[in-house]
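Here is how the chains run, residue by residue.
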Amino acid sequence: MTRKRRIPPSPLPQRDGVDPVRVRLPPEDSWATVREYLVDRLSGAGDGVVERMMDDGLFVGVDGESVAGRAYEPGMFVWFHRELPVEVPVPFPVDVVYRDEHIVVADKPHFLATTPRGSHVVETALARLRRELEIPELGAAHRLDRLTAGLVLFTVRPGERGAYQALFREKRVRKEYEAVASYDPGLALPTTVRSRILKERGVMAARQVDGEVNAVSRIELAEERGDGLARYRLVPRTGQTHQLRVHMSALGVPILGDPLYPVVNDPVPDGDFRRPLQLVARALEFTDPVTGAEHRFRSGRVLEAWSSYREWAGRRSTSTAPDPPVPGPAQ
């Protein structure tokens with residue numbers, strides 16, 4: 001039985017709440033030096049970028065020293081800070097709903113990614129909270145889509161993160177979402193939607209396909225006020241990418257402000273915060289796996305299309321999505 005090699009702590013500190021990148025050299029000895037391997041592995045960084053970083057001593061080993069002149073060593077760990085992309089600040093706060101020595105529950109705004117990924121790195125809920133709360137080891141137990149607002153659970157101690165992640169993996173968390181969409185008097189609710197959802201890498205929208213069910217959502221009508229709009233309570237039993245957005249669209253009542261469903265429109269440019277997706281992770285309930293406490297949290301985020309539809313709809317977006325009609329009495 002092969003013993004798993006322990007990952008040593010990073011010799012580099014975080015930068016703006018973002019961890020350094022860790023690379024482990026593969027077991028095959030096909031490169032003479034660490035430089036040769038990194039130039040090969042990180043070729044997508046651009047011509048000469050890795051070489052310049054190497055010459056500047058920005059790639060370091062476990063001792064914190066430059067690996068520029070090191071011979072290749074299978075299994076060796078190397079750390080570096082990637083060049084951060086230019087990001088447009090998301091002008092909405094991340095509200096802390098609850099905090100103790102084990103967890104932080106945050107109420108994430110629309111347009112803010114949960115964790116660093118792609119072009120969203122510093123402007124993420126995780127990086128912000130690490131800076132604002134001064135908890136460098138804070139980690140995310142799960143994720144919300146960037147366009148979705150609401151409750152996210154973070155862990156304070158790295159050694160406990162797995163226990164909280166298991167809550168979501170083993171479906172021991174009750175999650176409730178709220179959405180605003182058009183009202184269809186012919187739609188029989190409540191209903192449970194069961195389908196198979198496929199999300200392919202590089203394709204923006206997920207889609208429903210034939211096959212074994214992997215996505216289950218309960219859809220309920222929370223309120224209908226006679227002007228053509230309704231507020232829905234959404235309870236996912238599984239956690240597929242874009243699951244609630246796909247299922248609402250399949251029912252003929254796509255969530256207001258959705259740039260992907262039922263039609264994929266041009267992406268809303270960074271910095272365009274005028275018409276957020278009308279979806280919020282409203283409630284989170286679970287038994288704390290570390291303390292045994294019963295937790296029940298609710299988001300205070302307001303869905304603008306419900307509280308002030310004309311104001312929300314009147315903000316013209318640069319997306320090619322058609323402007324929503326001002327609702328009138330339901331037919």
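All values reported here derive from a predicted model rather than from experimental measurement. (Residues numbered from 1 in each chain as written. Predicted model: local features only at pLDDT ≥ 70, side-chain atom pairs only at ≥ 80, totals over all residues. Heavy atoms only, no water.)

Trainee: Residue-level account of the pairing of strand β13 (residues 294–298), with values.
Mentor: Each regular strand displays side chains that alternate between the two surfaces of the sheet. Alternating positions in β13 separate cleanly, H295 and F297 being buried on one face and E294, R296 and R298 remaining unburied on the opposite face. Relative to β13, strand β12 (residues 279–287) runs antiparallel, the two being bridged by five bridges. Note that in β13 the partner of E285 across the bridge is R296. Counted between consecutive antiparallel strands, the loop separating β12 from β13 contains six residues, among which G292 sits at a positive phi close to 80°. (Buried < 20%, exposed > 50% of the residue type's maximum accessible area, 1.4 Å probe, protein only. Helix = DSSP H or I, 4+ residues; strand = E, 2+ residues; numbered from the N terminus. Pairing = 2+ DSSP bridges.)

Trainee: Break down the environment of A179 for me, citing the residues and quoting the values.
Mentor: Inspection of the secondary structure assignment puts A179 in strand β7 (residues 174–182). With relative accessibility at 0%, the residue A179 sits in the buried group. As for A179 and E212, which are separated by 33 residues in sequence, their C-alpha atoms are 27 Å apart. Ignoring any residue separated from it by four or fewer positions in sequence, one finds A179 in contact with A230, R231, Y232, L234, I255, Q278, L279 and L303. (Contact = heavy atoms within 4.5 Å.)

Trainee: Which residues make up the pattern of salt bridges, and what are the values?
Mentor: The tally for this structure, following the rule as stated, stands at 21 salt bridges. The residue R233 makes a salt bridge to E176 at a minimum N-O spacing of 3.5 Å. A residue pair is termed long-range when its members are at least 10 positions apart, and R233 in strand β11 (residues 229–236) and E176 in strand β7 qualify at 57 residues. Relative accessible area serves as the criterion here: at 30%, R233 is assigned to the partly exposed category. Taking the relative accessible area as the measure of exposure, E176 reaches 12% and is therefore buried. (Salt bridge = Lys/Arg side-chain N within 4 Å of Asp/Glu carboxyl O.)

Trainee: Break down the packing of aromatic side chains for me, with residues and values.
Mentor: In total, this model carries 10 aromatic pairs according to the counting rule given. An angle of 45° between the planes, with centres 5.3 Å apart, marks the rings of Y98 and F297 as tilted. In this pair, Y98 sits in strand β3 (residues 95–99) while F297 sits in strand β13, placing the two residues 199 residues apart along the sequence. On the basis of relative accessibility, which here comes to 26%, the residue Y98 falls in the partly exposed class. Judged by its relative accessible area of 8%, F297 falls in the buried class. Three or more aromatic residues joined by ring pairs make a cluster, and in this case those are W31, Y37 and Y72. When the ring centre of W306 is taken as reference, the NZ or CZ atom of R225 above it lies at 3.9 Å. (Phe/Tyr/Trp six-rings, centres within 6.5 Å; stacked < 30°, edge-to-face > 60°. Lys NZ or Arg CZ within 6 Å of the ring centre and 35° of its normal.)

Trainee: Describe helix α1 (residues 34–41), and please don't skip the residues or the numbers.
Mentor: Within α1, the full set of buried residues consists of V34, Y37 and L38. All buried residues of α1 fall inside an arc of 95° around its axis, so they share one side. Each element contacted by the buried residues of α1 is listed here: β1 (21–24), α2 (49–55) and β2 (77–80). (Arc of directions from axis to C-beta.)

Trainee: So what's going on with the nonpolar core? Residues and values would help.
Mentor: Nonpolar side chains tend to gather and get buried jointly when the protein is soluble and globular. Counting 35 residues, the largest nonpolar core has L138, F154, Y232, L234 and M248 as the members making the most contacts within it. In contact with L234, other than residues within four places in its own chain, are K175, E176, Y177, A179, R218, I219, L244, M248 and L279. (Core = buried A, V, L, I, M, F, W, Y, C linked by side-chain atoms within 4.5 Å.)

Trainee: Before we move on, could you go through unusual backbone geometry and cite the residues and values that matter?
Mentor: The linkage connecting L189 with the following residue, P190, adopts the cis geometry, with an omega of 5°. As for its placement among the helices and strands, P190 is situated in the loop between β7 and β8 (191–198). With an omega dihedral of 10°, the bond running from Y261 to P262 counts as a cis peptide bond. With respect to the helices and strands, P262 occurs in the loop between α5 (243–250) and β12. Even without glycine at this site, K171 takes up a positive phi of about 55°. Phi at H242 is positive, roughly 60°, even though this residue is not glycine. Accessibility expressed as a relative area gives 12% for H242, which makes it buried.

Trainee: I'd like to hear about the environment of V34, residue by residue, with values.
Mentor: Position of V34 among the secondary structure elements: in helix α1. With a relative accessible area of 0%, V34 lands in the buried category. Separated by 35 residues in sequence, V34 and G69 have C-alpha atoms that sit 7.6 Å apart. Beyond its immediate stretch of four places on either side in the chain, V34 contacts L25, V67, R70, A71, Y72, M76 and V78.

Taken by themselves, the reported measurements are silent on function.
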